[in-house]
Amino acid sequence: MKLVIAIIKPFKLDAVREALTELGVQGLTVSEAKGFGRQKGQTEIYRGAEYEIEFVPKVRIDIVIDDADVDRVMETIRGAANTDKIGDGKIFVLEVAEAMRIRTGETGTDAL
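Now for a quick tour of the structure. (Residues numbered from 1 in each chain as written. Predicted model: local features only at pLDDT ≥ 70, side-chain atom pairs only at ≥ 80, totals over all residues. Heavy atoms only, no water.)

**Focus on unusual backbone geometry**
Among all residues except glycine, the phi angle is most often negative; among peptide bonds, the trans geometry is most common. For D84, which is not glycine, the phi dihedral falls at a positive 65°. Summarising the element assignment, D84 is placed in the loop between α2 (70-81) and β6 (89-95). Under the relative-accessibility criterion, D84 is labelled exposed at 69%. (Helix = DSSP H or I, 4+ residues; strand = E, 2+ residues; numbered from the N terminus. Buried < 20%, exposed > 50% of the residue type's maximum accessible area, 1.4 Å probe, protein only.)

**Quick word on the side chain of K2**
Residue placement: K2 occurs in strand β1 (residues 2-8). Within polar-contact distance, the side chain of K2 engages the side chain of E95 at 2.5 Å. With near-sequence residues (within four places) excluded, K2 lies in contact with I63, V64, I65, D67, V70, V93, L94, E95 and V96. (Polar contact = N/O pair within 3.5 Å; in protein donor to acceptor, adjacent residues only side chain to side chain. Contact = heavy atoms within 4.5 Å.)

The following block contains the structure:
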């Protein structure tokens, strides 16, 4: 099993969720996040005053999937979240040692 972590722009969340649902992903966790990458924040203008935002608002999506689905899920997220502009985000894939469904006690991929 793999844990796919996607950091994306907030306004792309619905498009990514819909694309993953069409792909057959049955569950995901979403968290609000803040951070910066190569752009080192951004400059905003509010009521005529310019100010620097050091941590850009993002959304973090966590999905645990079977090993065989990793490439399809990554490409689906990339396609739905892509704007071709700096700050589109990142996708990370980590190994998951074990999973258990609390309600039934199912383990491994059966718990997904």
